[in-house]
Structures are given as C-alpha cells and as structure tokens.
Amino acid sequence: MKAMAKFMASGALASWLLGVALPVAAQSVQITDARGSKVQLAKSPQRIVSLLPSLTESLCALGGCERLVGVDRYSNWPAHTKTLPVVGGGLDPNIESIVALKPDLVLASMASRSIGRMEALGLKVVALEPRTHAEARVVLQKLGVLLNLPPAQGADRVWSGIESDMAKAAASVPEKIRGQRVYFEASRGPFAAGENSFIGETLTQLHLRNVIEAKLGPFPRINPEYVVKLDPDILMAGERAWKTGVPEYPGWSQMRAVKQGAICAFTPEQSDVLVRPGPRMAEGALIIARCLQRLAGSATGAQGKGQ
C-alpha cells in the first residue's frame, strides 16, 4: 500500500494512465519526391488528392483509399475512386476545385504543369511518376512512409504479391512463344513501350524480346515505317490505339504479324491495367500471357484477343 501511495504521489500513475488512454502523438512525416524536393507534413495526411491513376491505385493498394477526397478524371480503380470528386486532368487540373477540397496532400505527376501554382497557394505537393518496376516499388515505399505504414504491412507486402504473380505469369508463357520479338504500342502516336520502360521490363520477364531498344527511351514516339522495317513477330496495343483491333498505319497491313494474325488487341479496361505502373502490373502480365497462350494454341495464327 505504501508503495502504491508513493507511486501515485509521484505522478507516475497519472502519466502511465495517460499513456494507456491516449494515442501516441502524431508524428511528422517527410519524404523526398521525384523532383528531389523534400516535403514535410506535421502528421500523416488524412485528406489526399491524387492526380495520376498509378498513384491512386498504389495508395489504395496500401489501404489509403479512404483518405482520398478527390482524383483526376482517369483514376477509375478501385471502384471507390468512382465515388470521389473529379478535379480535372492530371496535367491541367482544376486548382480551384482542389483547394476547395482542403487536402493535406496532393499527389501529382512529374509532368504536371500546375505544381508550382498549387505550392504557391500553400498546398503540399508530392510529385512521383514511376516508369520502371524499380521506380514503382519506390513509389509504394514513399507512399507507405506518408501513410505511416511499416514496410512489412505496406510496400513490402504489396511488392511481394506483385513479384509472386509476375512469376506465375512468366511461367505460363508457352515455350513456342518465348524469345519472340514484340512491338507494344502504349498510346496512339504511335508511342511505343521501350525496353527500359515498366512495360518493356514486363515483356522481358515474360521471355519476350522488345524490338524497341532501350537507347530510344522508355516511351519514344516512333515513325510507323520504322516498325515495318523491324518486322516484329507479335504486335500489341489497346483498342484505344487501334480502334479496329488491327494497326491502321500505312504499310502495316503487309507486315508478317498482321498477315498471320499475331496481334494482341487489349480492351480499354485491360489497357488501363497494362499502362499503369502500379500494384496491378502483375495483372497486366497475366493479361499478356493469356493472349500469348491463345496465339500459341492457334493453328492458323488467328488474332489473339486480350480477354
């Protein structure tokens, strides 16, 4: 009893009770974004606006979807994002709409033309734009820091799942398809996925050879005639790029891949998965692998559909 009285008198009991009853004080968070800018917040952000689909999806994969209060017009996964206010495009968002949402943090693309103006208005902006698998992992790590998530519960957990599913996709590619030369059109232009892009890295993991060399950059704009000269074994693109499901550029109808039907034409929904360097990259690999399985199993080389 004397010991307890002494404990209470010293104030230690009160301190202990406060420690049990109250949460630990919010810790400040700081990261360095892709610009090299250090961004510091007094606490983990609770109101976030995301202006890039891959960042939106990465945030949600880490369990941060409920912190989103606004997104760009192209962020459409997971389903929760479709219930959120849309603040325009990622490159040219409606800044007034963003300010009205009172975000603690804005996640933006490096290419956004509005970062300076948003920061001038006092908004905290983190610019991130992954173009490779390694950069996609770094983005998960940085977002995990912002969410105050231990790596084992956040970035490492998500990345482990990506690697596991990527390996399954690679193992499912038929032997007769492995080593074939592929052209992947990322968007109309044509803009191709180069060897050192995240799409190019996925193709490599699927035992394919990319005809667009790394020296041309991650997503170079290509002269269509150049692709004819390269004469790839397989052509890949989304229906947004090839509206008819086949290439529409002059001279392409005479390409070997077109004549043999060695084409993977992906639906808009599949294209969203394929061109976003985030938590669904392995799902994109599985989509490609399924098309390759169909091409390998087609005696006549019929066109492979994404689904």
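All of these numbers come straight from a predicted model, not from anything done at the bench.

Before going further, it helps to spend a moment on the environment of Glu119. Here Glu119 lies in helix α5 (residues 115-120). Spatially, the C-alpha atom of Glu119 lies 9.7 Å from that of Val106, the residues being 13 residues apart in sequence.

Once that is clear, we can look at the sheet that holds strand β5 (residues 105-108). Ordered by their spatial adjacency, four strands build an open sheet running β4-β3-β5-β6, and the pairing between neighbours is parallel. Every other strand in the sheet has two partners, leaving β4 (68-71) and β6 (125-127) as the edge strands with one partner each. Direction aside, the axes of adjacent strands within the sheet are offset by 20° on average. As judged from the three bridges shared by strand β3 (residues 48-50) and β4, these two strands associate in the parallel manner.

Attention now moves to unusual backbone geometry. Along the chain, Trp77 connects to Pro78 via a cis peptide bond; the corresponding omega equals -5°. By secondary structure assignment, the location of Pro78 is in the loop between β4 and α4 (95-100). Cis geometry marks the peptide bond from Gly189 to Pro190; its omega dihedral reads -5°. With respect to the element layout, Pro190 can be found in the loop between β7 (181-187) and β8 (191-192). At His207, a position not held by glycine, the phi torsion is positive, near 70°. The residue His207 is located in the loop between α8 (198-205) and β9 (209-210) in this model. Owing to a relative accessible area of 32%, His207 belongs among the partly exposed residues under this scheme. Here the phi dihedral of Asp231 falls at roughly 50°; this positive angle occurs in a residue that is not glycine.

Moving on to the state of the cysteines. The bond known as a disulfide is covalent and runs between the sulfur atoms of two cysteines. Inspection of every chain in the model, using the stated rule, returns two disulfides. Two residues share a disulfide in this structure: Cys60 and Cys65, whose sulfurs sit 2.0 Å from each other. Every disulfide takes its handedness from the sign of the S-S torsion; for Cys60 and Cys65 that torsion is 70°, giving right-handed. Looking at Cys65, the relative accessible area reads 11%, which means it is buried. For Cys264, the disulfide goes to Cys291, at an S-S distance of 2.1 Å. Here the S-S torsion is close to -105°, and the disulfide linking Cys264 with Cys291 is therefore left-handed. In this pair, Cys264 sits in strand β11 (residues 263-266) while Cys291 sits in helix α12 (residues 281-297), placing the two residues 27 residues apart along the sequence. The two residues Cys264 and Cys291 agree in class, both being buried.

Moving on to helix α6 (residues 133-146). Here α6 is 14 residues long and its end C-alpha atoms lie 20 Å apart, about the 20 Å a rise of 1.5 Å per residue gives. Asn148 sits one or two residues past α6 and shows a positive phi near 60°.

Packing of helix α7 (residues 155-171) against α12 leaves a shortest axis separation of 8 Å and a crossing angle of 10°. It follows from the interaxial angle that α7 and α12 lie roughly parallel. For the pair α7 and α12, the contacting residues are Trp159, Ile162, Asp165, Met166 and Ala169 in the first and Met281, Ala282, Ala285, Leu286 and Ala289 in the second. For the contact of α7 with α12, the per-class residue count stands at nine nonpolar, no polar and one charged.

Glancing now at the pattern of salt bridges. Applying the stated criterion across every chain yields a total of twelve salt bridges. The partner of Glu57 in a salt bridge is Arg280, with the nearest N and O atoms 2.8 Å apart. Here Glu57 is found in helix α3 (residues 53-61), whereas its partner Arg280 is found in the loop between α11 (268-274) and α12, with 223 residues between them in sequence. By the burial criterion, Glu57 is buried, and Arg280 matches it. Between Glu96 and Arg117 there is a salt bridge, with its nearest N and O atoms 2.7 Å apart. One end of the pair, Glu96, is in helix α4; the other, Arg117, is in helix α5, with 21 residues separating them in the sequence. What makes Glu96 partly exposed here is its relative accessible area of 49%. Here Arg117 falls in the partly exposed class, since its relative accessible area comes to 45%.

Calculation rules
Residues numbered from 1 in each chain as written. Predicted model: local features only at pLDDT ≥ 70, side-chain atom pairs only at ≥ 80, totals over all residues. Heavy atoms only, no water. Helix = DSSP H or I, 4+ residues; strand = E, 2+ residues; numbered from the N terminus. Pairing = 2+ DSSP bridges. Axes fitted to C-alpha atoms, helices over the stretch in contact; angles between N-to-C directions. Buried < 20%, exposed > 50% of the residue type's maximum accessible area, 1.4 Å probe, protein only. Disulfide = S-S within 2.5 Å. Expected span 1.5 Å × (residues − 1). Parallel < 35°, antiparallel > 145°, perpendicular 65-115°, else oblique. Contact = heavy atoms within 4.5 Å. Nonpolar A, V, L, I, M, F, W, Y, C, P; charged D, E, K, R; others polar. Salt bridge = Lys/Arg side-chain N within 4 Å of Asp/Glu carboxyl O.

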